[in-house]
Amino acid sequence: MSKKRAVRRTICFAALAVLAAAFAVLELVSGSTNIAVRDVFAVLAGRDRDSAAHKIIADIRLPRTVAAALLGGALSVSGFLLQSFFNNPIAGPYVLGISSGAKLTVALAMMLTLQSGILLNSAAMVGAAFAGSLLSMGAILLLAGRVRNMAQLIIAGVMIGYICSAVTELAVTFADDANIVNLHNWSMGSFSGISMDNVKVIAVIVLAGVTAAFLLSKPMSAYQLGESYAKNMGVDLKLFRLALILLSSILSACVTAFAGPVSFVGVAVPHLMKSIFGTAKPIVIIPASFVGGAVFCLVCDLIARMLFAPVELSISTVTAVFGAPVVIAAMLSRGQKRGV
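Rules behind the numbers
- Residues numbered from 1 in each chain as written.
- Predicted model: local features only at pLDDT ≥ 70, side-chain atom pairs only at ≥ 80, totals over all residues.
- Heavy atoms only, no water.
- Helix = DSSP H or I, 4+ residues; strand = E, 2+ residues; numbered from the N terminus.
- Buried < 20%, exposed > 50% of the residue type's maximum accessible area, 1.4 Å probe, protein only.
- Areas by Shrake-Rupley, 256 points an atom, 1.4 Å probe, with all protein chains shown as cover.
- Lys, Arg positive; Asp, Glu negative; His and termini not counted.
- Charge placed at Lys NZ, Arg CZ, Asp CG, Glu CD.
- Axes fitted to C-alpha atoms, helices over the stretch in contact; angles between N-to-C directions.
- Parallel < 35°, antiparallel > 145°, perpendicular 65-115°, else oblique.
- Contact = heavy atoms within 4.5 Å.
- Nonpolar A, V, L, I, M, F, W, Y, C, P; charged D, E, K, R; others polar.
- Patch = residues over 30% accessible without salt bridge, like charges linked within 9 Å, V, L, I, M, F, W, Y side chains within 5 Å.
- Salt bridge = Lys/Arg side-chain N within 4 Å of Asp/Glu carboxyl O.
- pLDDT = per-residue confidence, 0-100.
- Core = buried A, V, L, I, M, F, W, Y, C linked by side-chain atoms within 4.5 Å.
- Phe/Tyr/Trp six-rings, centres within 6.5 Å; stacked < 30°, edge-to-face > 60°.

Each helix and strand counted, the protein chain has 14 helices and zero strands in total. The helix and strand sequence of the protein chain, counted from the amino end, reads α-α-α-α-α-α-α-α-α-α-α-α-α-α. For the C-alpha atoms alone, the extent of the protein chain along its principal axes is close to 60 × 55 × 35 Å. In the protein chain, which comprises 340 residues, the proportion classed as buried is 49%. As displayed, the protein chain has an accessible area near 16,300 Å², and 66% of this comes from carbon and sulfur atoms. Across the protein chain, the centroid of the 25 positively charged side chains sits 20 Å from that of the 13 negatively charged ones.

Here is the structure:
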């Protein structure tokens, strides 16, 4: 049986890797100007440095593609960490209002700096988003001490998200006309406009965060079996929970800072990966969620760009269409298990 599981997981990881590579190539060749696959590889190999194709790929499409893959993976891993923390498959940075909290603080920071003629750098954006994520997470944890029903906690998280979104919209309403366009485009969620310098910052934060999450696989597996079991296995619960909170917050904050709020990825993808791989073991699901989130966001970004081209949809519009049914299925599945 263990050999069959190993073969199944190997096939699944290989399939995800092939899908990620295939959709990444599609992202690079597709657009208002179609570019041949051989020209794409020529640019990536450094053989073509002067053509129009090089400028399109190197300056626009490649940063966007890499960012979509990294941020999609980050959001998915963040969702899995929150699901492990709250022991609920519906928990996620968007559902719990954590992304909305990050959106609020980044919007306020952008307004204050743009009015002074200052552009926020990458570190400031991530810092503002991280602060908002922690504030929302703190509010949820305070409610968790008073609310014993997990369904009520999820509803409270949704309400926190609505409050943060309402305050953000109010701030945008009273922003200067010159700032509204920037805030509106960012608040809708998109991987466009990300530069290669941004990608370097994203790669450092995301890869460090995902690696740290993977190193927590063993205590996370013990935690899944219950707090008492984890404590008996030598897990420092306070430190472990703090690590989960910080890692999930920084990963979701990085996504919000660079791409705006992206919905349902953090809930849908981990649930799909658990179903596909037939396990909930963190040592398997964390890397699976990362690659699966990359594939999911690459597909959604391709649809957002090409479905009604030249008009581009917000990324959250597309992720909601595909992610919301998965969330509903997870809720129904959880309800059926409780009924049994």
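Contact geometry for helix 1 (residues 2-29) and helix 12 (residues 265-277): axes closest at 10 Å, N-to-C directions at 135°. With respect to helix 12, the axis of helix 1 lies oblique. The segment helix 1 lies against helix 12, with Arg8, Arg9, Cys12, Phe13 and Leu16 engaging Met273, Ser275, Ile276 and Phe277. Partitioning the contact of helix 1 with helix 12 into residue classes produces six nonpolar, one polar and two charged.

On the surface, a nonpolar cluster with roughly 330 Å² of combined accessible area is contributed by Leu134, Leu239, Leu242 and Leu246. In terms of residue count, the dominant contributor to the nonpolar patch is helix 11 (residues 237-259) (three residues). Residue Leu239 is classed as exposed on the basis of its relative accessible area, which comes to 54%.

Running from N to C, helix 2 (residues 37-44) and helix 3 (residues 52-86) cross one another at 75°; their axes reach a closest spacing of 10 Å. The angle between helix 2 and helix 3 places the two elements in the roughly perpendicular class. For the pair helix 2 and helix 3, contact is made by Val40, Val43 and Leu44 and by Ala53, His54, Ile57 and Leu62, respectively. For the contact of helix 2 with helix 3, the per-class residue count stands at six nonpolar, one polar and no charged.

Under the criterion given, the structure shown has four salt bridges. Taking the shortest distance from any N to any O, the salt bridge between Glu27 and Arg305 comes out at 3.0 Å. Residue Glu27 is found in helix 1, and its partner Arg305 is found in helix 13 (residues 282-306); the two are separated by 278 residues along the sequence. When sorted by exposure, Glu27 lands in the same class as Arg305, which is buried. Through salt bridges with shared partners, a single network forms among Arg64, Asp301 and Glu312.

All right, on to the confidence of the model for the protein chain then. Here the protein chain averages 85 in pLDDT, while 90% of its residues score no lower than 70. The lowest-confidence element of the protein chain is helix 7 (residues 177-188), averaging 63 in pLDDT; the highest-confidence one is helix 13, averaging 95.

By size, the foremost hydrophobic cluster in this structure holds 82 residues, and its most contacted members are Leu71, Phe86 and Ile202. In terms of residues, this core owes the most to one element, helix 3, which gives 13 residues. Not counting the four nearest positions on each side in its chain, Ile202 is found in contact with Ala67, Leu70, Leu71, Ile194, Leu207, Cys254 and Phe258. Grouped together as the second largest cluster of nonpolar side chains are seven residues, Ile35, Val43, Ala53 and Ile57 included.

So, about the packing of aromatic side chains. Per the counting criterion, the structure on display carries four aromatic pairs. Relative to Phe277, the ring of Phe13 has its centre 4.8 Å away and its plane inclined at 55°; by these criteria the two rings are tilted. With Phe13 in helix 1 and Phe277 in helix 12, this pair connects stretches of sequence that are 264 residues apart. For Phe13, a relative accessible area of 27% corresponds to the partly exposed category. Summarising the aromatic geometry, the rings of Tyr94 and Phe264 are spaced 5.9 Å apart at their centres and angled 40° between planes, so their arrangement reads as tilted. Of the two residues, Tyr94 sits in the loop between helix 3 and helix 4 (98-115) while Phe264 sits in the loop between helix 11 and helix 12, which places them 170 residues apart along the sequence.

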